[in-house]
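So you can see what is in the structure, the chains are spelled out below.
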Amino acid sequence: MKLRKNVAVIGAQWGDEGKGKLVDLLCEEFDVVARYQGGHNAGHTVKFADQHFALRLIPSGIIHRDKLCLLGNGMVIDPEALLDEIERLRAAGIVIEENLKISDAAHVILPYHRALDLAREEAAGLARIGTTGRGIGPAYESKVARYGIRVADLLDPEVLKHKIEFACAEKNPVLQIVYGRETFDPAQLYDAYLKYGEVLAERITNGTVLINDQIRAGKRVMFEGAQGMMLDIDHGTYPFVTSSNTIVGGVCTGLGVAPKHIHEVIGVAKAYTTRVGGGAFPTELNDEQGEHLRSRGNEFGTVTGRPRRCGWLDLPVVRTAAMLNGIDTIALTKLDVLDEFEEIPVCVEYNVHGEKWKTFPAFAVAHDDYKPVYRTFKGWKQSTVGITSFDDLPQAAKDYIKFIEDETEAKASIISTGPRREETIVRD
Ligand code: GDP
Ligand code: IMO
Ligand code: MG
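Residues numbered from 1 in each chain as written. Chains lettered and ligands numbered in written order. Predicted model: local features only at pLDDT ≥ 70, side-chain atom pairs only at ≥ 80, totals over all residues. Heavy atoms only, no water.

Ligand 1 sits among 18 residues. The nearest are K19, G43, T45, D336 and S416. Within the backbone of G43, an N or O atom sits 2.8 Å from an oxygen atom of ligand 1. In this structure, G418 approaches ligand 1 through a main-chain N or O atom, which is 3.1 Å from an oxygen atom. Calculation on ligand 1 without its partners gives an accessible area of 580 Å², and the protein chains cover 94% of this total. (Near = heavy atom within 4 Å. Polar contact = N/O pair within 3.5 Å; in protein donor to acceptor, adjacent residues only side chain to side chain. Areas by Shrake-Rupley, 256 points an atom, 1.4 Å probe, with all protein chains shown as cover.)

Once that is clear, we can look at the packing of aromatic side chains. Counted according to the given criterion, the structure contains 11 aromatic pairs. Note on W14 and F281: the rings are 5.4 Å apart at their centroids and 45 degrees apart in plane angle, and the pair reads as tilted. Residue W14 is found in the loop between β1 (7-11) and α1 (19-26), and its partner F281 is found in the loop between β12 (273-275) and α9 (288-296); the two are separated by 267 residues along the sequence. Given the relative accessible area of 2%, W14 is considered buried. Here the aromatic cluster, defined as three or more aromatic residues joined through ring pairs, consists of W14, F281, Y350, F360 and Y370. Positioned over the ring face of F48 is R421, at 3.9 Å from the centre of the ring. For the cation-ring pair, R427 lies above F390, with the distance from its terminal atom to the ring centre recorded as 3.8 Å. (Phe/Tyr/Trp six-rings, centres within 6.5 Å; stacked < 30°, edge-to-face > 60°. Helix = DSSP H or I, 4+ residues; strand = E, 2+ residues; numbered from the N terminus. Buried < 20%, exposed > 50% of the residue type's maximum accessible area, 1.4 Å probe, protein only. Lys NZ or Arg CZ within 6 Å of the ring centre and 35° of its normal.)

Bringing the coordination of the magnesium ion (ligand 3) into the picture now. Coordination of the magnesium ion (ligand 3) by the protein comes from D16 (OD) and G43 (O), over a distance range of 2.0 to 2.1 Å. In this pair, D16 is assigned in the loop between β1 and α1 and G43 in the loop between β2 (32-35) and β3 (44-48), connecting sequence segments 27 residues apart. Relative accessible area serves as the criterion here: at 12%, G43 is assigned to the buried category. (Donors = N, O, S within 2.8 Å, 3.2 Å for Na, K, Ca; no water.)

As a further point, take the sheet that holds strand β9 (residues 204-205). The strand order β9-β7-β5-β2-β10-β1-β11-β15-β19-β20 describes an open sheet built from 10 strands, whose pairing is mixed. Of all strands in the sheet, those with a lone pairing partner are β9 and β20 (424-426), marking the two edges. Of the pairings in the sheet, the one linking β1 to strand β10 (residues 221-224) comprises three bridges and is parallel in character. Residue pairing across strands places A8 opposite F223, the latter belonging to β10. Contacting β15 (329-333) and β19 (411-416), helix α12 (residues 395-408) crosses the sheet at an angle of about 140 degrees to β19. (Pairing = 2+ DSSP bridges. Contact = heavy atoms within 4.5 Å. Axes fitted to C-alpha atoms, helices over the stretch in contact; angles between N-to-C directions.)

Glancing now at helix α7 (residues 207-216). In an α-helix, one turn spans 3.6 residues, which is why side chains three or four residues apart end up on the same side. Listing the buried residues of α7 in full gives G207, L210, I211, N212, Q214 and I215. Where α7 is buried, its residues meet β2, β5 (68-71), β7 (100-103), β9, β10 and α8 (249-255). You can read the cap of α7 off the contacts: a side-chain oxygen lies 3.2 Å from the backbone nitrogen of T208, and it is on N206. G218 sits one or two positions beyond α7 and adopts a positive phi of about 85 degrees.

Turning our eyes to something else, we now look at the pattern of salt bridges. With the rule as written, the count across this model stands at 28 salt bridges. A salt bridge links E17 to K19; the shortest N-O distance between them is 2.8 Å. In this structure, E17 and K19 share a single accessibility class: buried. Here E87 ties to R90 by a salt bridge, and the two come within 3.8 Å at their closest N and O atoms. Pair noted here: E87 and R90 are both in helix α2 (residues 79-91), with a separation of three residues, about one helical turn. Taking relative accessible area as the criterion, E87 reaches 47% and is therefore assigned partly exposed. One connected set of salt bridges, linked through shared partners, spans D16, K270, E299, R308 and K334. (Salt bridge = Lys/Arg side-chain N within 4 Å of Asp/Glu carboxyl O.)

Next up on the list: the site of ligand 2. What surrounds ligand 2 is a group of 21 residues, the closest being D16, K19, H44, T132 and T242. Between an oxygen atom of ligand 2 and a side-chain N or O atom of R306, the distance comes to 2.9 Å. Protein chains bury 97% of the 550 Å² of accessible surface belonging to ligand 2 in isolation. Residue composition of the shell around ligand 2, by class: eight nonpolar, 10 polar and three charged. Split by domain, the residues of the shell around ligand 2 number at least three in each of domain 1 (7-98 + 206-426) and domain 2 (107-203). (Nonpolar A, V, L, I, M, F, W, Y, C, P; charged D, E, K, R; others polar. Domains from an automatic or database assignment.)

Here the focus is the environment of I401. Relative to the assigned elements, I401 resides in helix α12. On the accessibility criterion, I401 (0% relative accessible area) is buried. Between the C-alpha atoms of I401 and K411, which are 10 residues apart in sequence, the distance is 9.2 Å. Excluding anything up to four places from it in sequence, I401 contacts L332, L335, F390, L393, A412, I415 and R427.

This part covers α2. Across its 13 residues, α2 extends 18 Å between first and last C-alpha, which sits within 8% of the 18 Å expected from 1.5 Å per residue. For α2, every residue scored as buried is listed here: P79, A81, L82, E85, I86 and L89. With its buried residues spanning 160 degrees around the axis, α2 presents them on a single face. N-capping of α2 is provided by D78, with a side-chain oxygen placed 3.0 Å from the backbone N of E80. Positive phi appears at G93, one or two residues downstream of α2, with a value of about 95 degrees. (Expected span 1.5 Å × (residues − 1). Arc of directions from axis to C-beta.)

Here it is, written out as structure tokens:
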């Protein structure tokens, strides 16, 4: 499969589509792998042979030697989590030296962000978002409020001290009075975060200049999305979303890369649908079929271990992702998880007051005012696990894939039939 020069790998549903597997599979011919948004709310799994890695902040390309990996300015970074991840990967034999760089303009997650995230979730009761509790939302809030601490600030003792004191003066009363939580000592935070700055200093750089220099030098870049289109702060199922732009537009702002340098978009979509946390999920199955998807698909969060909610494929979701991201190619993952079903329903459109919706009717869904319309496919009832050639797939599976291609107007050039790198069909 010939990919164009710079390629974005984007989640086309609610996250956990298999982006990590795809980046790992495809990045061999690339020079740079860059994350442009999110933080350690992401959990990207890479498996091959008997190896198994879970990436959170670090681009999945790090598994491959000699790929330059960049944490872009659009990310929110918890230095403790980053150092943990570096240690974990090193212990597994991964080389992390000058191949990992951090944008000086990325924002830092501090412990009060995490505490606020947890406190709010608890206070919200049934209305809770179901966040990963990593402080992602509050860190992006600080950024947008223009009082956030950026990675560069970790290298400037005076600025860091002032910013931490300023933040604590506001966050501590909120934590204590509004939520009855513990407060943070600014002096202790300052000491700890100044140290993180010292440890990370050699990795901190002007990420925008770095990536544009690489592009100018003719290097190939892979942009690794985190989360999925339906969790996008603007285009997802607000408020049950994450706090960043997960769609391809986020590449431009989250790395400082012009649109003309993004040459191809791969949308990663599961052959069914999952979601973690709260919010609408029209094709969700709360029965033994959902349970079957969960157990056969091992649908438990990479980060939090939470059971993922499971349901049938929602084509309006994938069509919306194709529209928002300009998806050229679909990577259809976890086809093998459907192997044992007698019948496989797919949501083909929504009926909203007699009107057909081919894209996801977010407002109608938020107001519980919609009806998913299903078409049922015959199951193939045989194992596709590990199949590597399209011709070897059962006819019913081929029909299912063809229907998805026709309905999304994107070719499924990659079909994943197992968690491992080797368990993949790559079509010409
Ligand atoms: P990401 O966040 O998009 O990178 O996806 P995750 O890694 O969080 O979740 C995808 C899960 O499905 C991981 O456990 C993968 O190892 C697994 N996986 C990926 N592709 C396949 C596949 O084709 N079949 C099966 N059975 N598992 C897969
Ligand atoms: P990857 O990159 C699936 C979900 C959370 C919650 C909402 C907000 O592995 O696909 P946050 O902590 O971001 O404020 O939580 O977003 N969420 C994800 N769901 N995959 C992810 O990442 C996710 N990152 C966040 O469950 O519903
Ligand atoms: Mg994941």
